[in-house]
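So you can see what is in the structure, the chains are spelled out below.
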Amino acid sequence: MSLSTSSSDSQAWGRWLAMFVCMSALGAGVIFALVVLVDPYDSGRFGFIGIEGIRDESPRTANASRGRDPQFSAAVFGNSTGQLLKPTELSQATGMRFVQLTVPGTGPREQIALLRWFVGHHARADALVIVTDPVWCTNDPALPILNPFPFWLYSESPLEYLGRLFSSRALGRLVRRVQLGLRLRTPSAPDGYWNYELLGHGEFRPAPPPNEPAETAAADQTRFPAIEQLASFIANVSNVPIVLVMPPMIASKLPWPETREAARLAACKAALARLVAARPHSNFLDFRVDNPLTRDQKNFLDPLHYRAPVARLMEQRIAESLRVGSGGPTTF
Amino acid sequence: MLFNDYAFLLVFLPASLVIYRFADPHPEWRIGVVVILSFIFYSYWNPPFVILLALSISVNFLAARAYLATKRAGFITGAIVANLAVLGFFKYANFVSENLAYLFERPFWHFNIALPLGISFFTFHHIMYLVDLRRGKAPDYSLGRYALYISFFPQAIAGPLARWSEVMHQFGRQVYRPGWQRQFAVGVTFIVIGLIEKTWLADPLGRLLDPIYVQASHEPVTNGNSWLALGFGFQVLFDFAGYSDVAIGVGLLFAVQLPFNFNVPLQSTNLQDFWQRWHMTLMAFLRDYVFIPLSNVKIGRKRYRLVQHFSAMLLTMALCGLWHGASWTFVLWGALHGCALVIVSLWRRYCPRLPVLLGWALTAAFVLLTCVIFRAGSMEAAMNIYRGLAQLPDLERTVRSVPIIAAALCAFLLPASQDIVARLTERPKIGIAAVLGLAAVAILVELGDRDAYEFVYFQF
């Protein structure tokens, strides 16, 4: 490939380069202008043309909009094991206005980010319901992330957010929001509820054999780094009623009594209960128990995910807890 | 720092061009500035390994100087052995240990070490220069020029594996001399085309194929997905060809024309032709510094020369496989290609010529099928893919294979990227510049999706 040119050619190639740079800059400028005008994730940071609502099927990103929606005053947090709690039922039972902010496949770090986001956007939150399944019982201080999560969307820095808006995913959301503004699309459910039972049956495998006895493993039952972080968060929202919920699972999959797992789960539950013990209108609800309800396979979609009748019962207990506090129910 | 990182494209590269603009009028600064920029580029990944790079350059330079002063071949031999020992330690020590443990049924050493980025490439650069110095072909160079040959950032991490004779004379040349605008235009076009190959052809294939290979690593592949898995050949082609094209483009922005690395290999009509078009700079290295010496060394009688020739071919390809990674699957992949090359050589010598279309189909099929071993990571996983080929793909899900069809059409029908670039930059057409500018923005937007947030937790 020959690279030699004449002087007149050099000028023409100079114009070629100028056009390349100008078009790149123009394209990038137009995209930045659009994202600033539209605010693709409805995070409230930009969005100067005032489109309301979002069309976003992913709660990972959609919760940025829901979590700051002023029509809600209370929220449910957690992963898929809290997803079936219905905001409308909770609202009806408590008189508060609930939104679902659970995100499937998340752990404590992501859920604390969402808790901070919700509280940061509500001067006076009525209640927080946190479905603390055993991912909160980890002893790993790093609180590892199992699936990618957009922490930048929930960060305090608008610049960090802006830096992430230059992406095809953000542009996709932008187009949907513009369509929403033009009434070419309907918005996603504002309360974030979605019934996973629509997916059909899961799989029930035989229960594992018992593991080591409890007395061989007492050393790692004292520290729960995720619960420690939750304690720091809770300490900063002193006036807000909080209900912590250990969700049910099918009884056949519960840890065998007097094993390391059972001891650790019991210690974790105790640590969670202590967090809200002296707090007004707050409670720890332990649904991870062995009883006729959790023994019946018909009540579960798969070993971890309960069905609607169980969710309705849990909602009642949550509402009672918000009324009477830690003197209220402890399980189903 | 990878070529498709924002850190490289939006920060390092523009900053390097600005810095070099100031150095360009001063001939004595040019090489030093690019060496410093190259070390910064290298240190971004793992700063401590810069010491290894600096040490590697110093020791080899001193060995070359010692040889020139004394003419003792031992300096060259010692340096080459030391280079291979360092490469062997970082890349193969744990592999050797695992095999010894398997043989003797007891644990051996295990090092928790990261592989220094580009170590295979800079080791081969050293070897090329030292061997040619010993052969009397290579001249003496200053430390700065030698350091730049080893560390020149466009080629330091993943090639192209340029020979000293191809690039040494280009280092330190004035960039902003008459005609630099065309050179920049060609460089920019190479970068955009390379990023298109990587971002729009290779990466979508990766997203499609990764779950299939993950499944194959622990269970049989069903639903005809194994047929999709054959698309890995296209993925690796566009991934590496794209990377090489970006490297060539960046090189041109510093007035260095690096050698081409790919020349439409999947349009080859036989396997020998394929290996002259695939990772061409590595194959040229292996041919000149492994195959020819092995083939020419005098062992046994003359009548066994043909056996020696084919054995050298087989061994070279097995080493080529091992170079790609410390695993027996890579060795097997290389050995299979070696065997096939022997068969092709014998066929061409003793059998009638195959029709072009049949030759092309056999070559492409062989390459795509053996790429499964290259990617699978274990023979069990590869066999899970091969067994799955008994099941035809689900036609209702054909839409999933669109990235494979697009990549296949590009691989089989389009000219080589260097020919595309040459055609696009024949004359300074403003329209092409505008389209490339917008394409660059579109690529940056695509690269903005650094995480996969669309995790679907539907399987629970």
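The rules behind these values
- Residues numbered from 1 in each chain as written.
- Chains lettered and ligands numbered in written order.
- Predicted model: local features only at pLDDT ≥ 70, side-chain atom pairs only at ≥ 80, totals over all residues.
- Heavy atoms only, no water.
- Helix = DSSP H or I, 4+ residues; strand = E, 2+ residues; numbered from the N terminus.
- Buried < 20%, exposed > 50% of the residue type's maximum accessible area, 1.4 Å probe, protein only.
- Contact = heavy atoms within 4.5 Å.
- Salt bridge = Lys/Arg side-chain N within 4 Å of Asp/Glu carboxyl O.
- pLDDT = per-residue confidence, 0-100.
- Core = buried A, V, L, I, M, F, W, Y, C linked by side-chain atoms within 4.5 Å.
- Phe/Tyr/Trp six-rings, centres within 6.5 Å; stacked < 30°, edge-to-face > 60°.
- Buried area = accessible area lost by both parts, 1.4 Å probe.
- Polar contact = N/O pair within 3.5 Å; in protein donor to acceptor, adjacent residues only side chain to side chain.
- Nonpolar A, V, L, I, M, F, W, Y, C, P; charged D, E, K, R; others polar.
- Axes fitted to C-alpha atoms, helices over the stretch in contact; angles between N-to-C directions.
- Parallel < 35°, antiparallel > 145°, perpendicular 65-115°, else oblique.
- Pairing = 2+ DSSP bridges.
- Disulfide = S-S within 2.5 Å.
- Expected span 1.5 Å × (residues − 1).

A word on the overall build of chain A
Here is step 1 of the chain: What chain A contains, in helices and strands, is ten helices and seven strands.
Here is step 2 of the chain: In terms of overall dimensions, chain A has a C-alpha envelope of 85 × 50 × 40 Å along the principal axes.
Here is step 3 of the chain: Within the span of chain A, comprising 332 residues, buried residues form 52% of the whole.
Here is step 4 of the chain: Contacts spanning at least 24 positions in sequence make up 81% of the contacts within chain A whose residues lie at least 6 apart.

Section: the pattern of salt bridges
Opposite charge on two side chains allows them to pair when their charged atoms are near.
All names here are of chain A.
Here is step 1 of the chain: By the definition in use, this model includes 22 salt bridges over all chains.
Here is step 2 of the chain: For the salt bridge of Arg68 with Asp42, the shortest nitrogen-to-oxygen distance reads 2.7 Å. One end of the pair, Arg68, is in the loop between helix H2 (59-66) and strand E1 (74-77); the other, Asp42, is in the loop between helix H1 (7-38) and H2, with 26 residues separating them in the sequence.
Here is step 3 of the chain: Arg173 is the partner of Asp56 in a salt bridge, and the nearest nitrogen-oxygen pair spans 2.9 Å. On the criterion of sequence distance, the pair formed by Asp56 in the loop between H1 and H2 and Arg173 in helix H6 (residues 168-181) is long-range, its members being 117 residues apart.
Here is step 4 of the chain: The class of Asp56 is buried, set by a relative accessible area of 5%.
Here is step 5 of the chain: Among the charged side chains, a salt-bridge network with shared partners connects Asp42, Arg68 and Arg177.

Examining the confidence of the model for chain B
Residues and elements named next belong to chain B.
Here is step 1 of the chain: With 97% of its residues at a pLDDT of 70 or more, chain B shows a mean pLDDT of 90.
Here is step 2 of the chain: Looking over chain B, one finds the lowest element-wise mean pLDDT in helix H10 (residues 225-229), namely 89, and the highest in helix H19 (residues 417-424), namely 95.
Here is step 3 of the chain: In this model, residues 452-460 is a region of pLDDT below 50 whose contacts with residues beyond four sequence positions or in other chains number 27 contacts.
Here is step 4 of the chain: As a predicted assembly, this complex carries a pTM of 0.82 together with an ipTM value of 0.87.

Concerning the nonpolar core
Here is step 1 of the chain: Judged by nonpolar contacts, the single largest core of 158 residues is most densely connected at Trp16 of chain A together with Phe8, Tyr129, Tyr149 and Phe254 of chain B.
Here is step 2 of the chain: Ranked by the residues each element gives to this core, the list is headed by helix H9 (residues 180-216) of chain B, at 17 residues.
Here is step 3 of the chain: Leaving out residues up to four positions away in the same chain, Phe254 of chain B has contacts with Leu13, Ser16, Leu17, Tyr20, Val34, Leu37, Phe152, Phe153 and Val175 of chain B.
Here is step 4 of the chain: The next biggest cluster of nonpolar side chains, apart from the first, holds 51 residues, and it includes Val99, Ile227, Phe233 and Ile234 of chain A.

Overview of the packing of aromatic side chains
Here is step 1 of the chain: In this structure the tally under the stated criterion is 57 aromatic pairs over all chains.
Here is step 2 of the chain: Relative to Phe20 of chain A, the ring of Trp16 of chain A lies with its centre 6.3 Å away and its plane at 5°, an arrangement referred to as stacked. Of this pair, Trp16 of chain A and Phe20 of chain A both sit in helix H1, four residues apart, roughly one helical turn. Across the pair, Phe20 of chain A and Trp16 of chain A agree in class, each one buried.
Here is step 3 of the chain: With a centroid separation of 5.2 Å and an interplanar angle of 85°, the aromatic rings of Phe274 of chain B and Trp275 of chain B are classed as edge-to-face.
Here is step 4 of the chain: On the accessibility criterion, Phe274 of chain B (2% relative accessible area) is buried.
Here is step 5 of the chain: According to the relative accessible area criterion, Trp275 of chain B is buried, its value standing at 6%.
Here is step 6 of the chain: Taken together through their ring pairs, the aromatic side chains of Phe3, Phe8, Phe12, Tyr20, Phe41, Phe152, Phe153, Phe171, Tyr243 and Phe254 of chain B make up a single cluster.

A few points about the interface of chain B and chain A
Here is step 1 of the chain: On the chain A side, the residues contacting the 47 residues of chain B number 43 residues.
Here is step 2 of the chain: Here chain B meets chain A over a buried area of about 3,800 Å², counting both sides, of which 71% is carbon and sulfur.
Here is step 3 of the chain: Our count for the chain B to chain A interface comes out at four residue pairs in polar contact (both at pLDDT 80 or more).
Here is step 4 of the chain: At the level of secondary structure, the elements contributing two or more residues to the side of chain B that touches chain A comprise H9, H19 and helix H20 (430-447) of chain B.
Here is step 5 of the chain: For the side of chain B that touches chain A, the leading source of residues is H20 of chain B, giving twelve residues.
Here is step 6 of the chain: Its residues placed into classes, the side of chain B that touches chain A shows 29 nonpolar, nine polar and nine charged.

A short note on the packing of helix H11 (residues 232-253) of chain B against helix H16 (residues 356-376) of chain B
Residues and elements named next belong to chain B.
Here is step 1 of the chain: At a minimum axis distance of 8 Å, the contact between H11 and H16 shows a crossing angle of 75°. Taken together, the axes of H11 and H16 are roughly perpendicular relative to one another. Residues Phe232, Gly233, Phe234 and Val236 of H11 touch H16, and the partners they reach there are Leu368, Cys371, Phe374 and Arg375.
Here is step 2 of the chain: Tallied by class, residues from the contact of H11 with H16 come to six nonpolar, one polar and one charged.

Things to note about the sheet that holds E1 of chain A
Residues and elements named next belong to chain A.
Here is step 1 of the chain: Read from one edge to the other, the open sheet built from five strands follows the order E2-E1-E3-E4-E5, with strand pairing classed as parallel. Either end of the sheet is taken by a strand with one partner, and the two such strands are strand E2 (98-100) and strand E5 (283-286). Neighbour to neighbour, the strand axes of the sheet diverge by 15° on average, direction disregarded.
Here is step 2 of the chain: Across four bridges, E1 lies against strand E3 (residues 127-131) in parallel orientation. Considered in E3, the bridge of Val76 is made with Val129.
Here is step 3 of the chain: Across the sheet, helix H4 (residues 108-120) is in contact with E1, E2 and E3; its angle to E1 comes to roughly 175°.

Observations concerning the state of the cysteines
All names here are of chain A.
Here is step 1 of the chain: Taken as a whole, this structure holds one disulfide over all chains when the rule is applied.
Here is step 2 of the chain: At a sulfur-sulfur separation of 2.0 Å, the disulfide partner of Cys137 is Cys268. Judged by the sign of its S-S torsion, about -75°, the bond between Cys137 and Cys268 is left-handed. Within this pair, whereas Cys137 is found in the loop between E3 and helix H5 (158-164), its partner Cys268 is found in helix H8 (residues 260-276), the two being separated by 131 residues in sequence. Of the two residues, Cys137 and Cys268, both sit in the buried class.

Structural notes on the packing of helix H5 (residues 119-134) of chain B against helix H6 (residues 143-151) of chain B
All names here are of chain B.
Here is step 1 of the chain: Between H5 and H6, whose axes approach to 9 Å, the crossing angle comes to 135°. When the axes of H5 and H6 are compared, the pair comes out oblique. Only Tyr146, Tyr149 and Ile150 of H6 make contact with H5, whose side of the interface consists of Phe122, His125, His126, Met128 and Tyr129.

A few points about helix H10 (residues 308-324) of chain A
Here is step 1 of the chain: The end-to-end C-alpha distance of H10 of chain A, which contains 17 residues, comes to 24 Å, matching closely the 24 Å that a straight helix rising 1.5 Å per residue would cover.
Here is step 2 of the chain: Those residues of H10 of chain A that sit buried are Ala308, Val310, Ala311, Met314, Glu315, Arg317, Ile318, Ala319, Ser321 and Leu322 of chain A.

Brief notes about the side chain of Gln100 of chain A
All names here are of chain A.
Here is step 1 of the chain: By the element assignment, Gln100 lies in strand E2.
Here is step 2 of the chain: Side-chain polar atoms of Gln100 contact the backbone oxygen of Gly82, separated by 2.8 Å.
Here is step 3 of the chain: One polar contact links the side chain of Gln100 to the main-chain carbonyl oxygen of Leu85, over a distance of 2.9 Å.

Description of H4 of chain A
Residue and element names in this part refer to chain A.
Here is step 1 of the chain: Here H4 is 13 residues long and its end C-alpha atoms lie 18 Å apart, about the 18 Å a rise of 1.5 Å per residue gives.
Here is step 2 of the chain: Of the residues making up H4, those classed as buried are Pro108, Glu110, Gln111, Ile112, Ala113, Leu114, Leu115, Trp117 and Phe118.
Here is step 3 of the chain: Close packing links the buried residues of H4 with H2, E1, E2, E3 and helix H7 (225-235).

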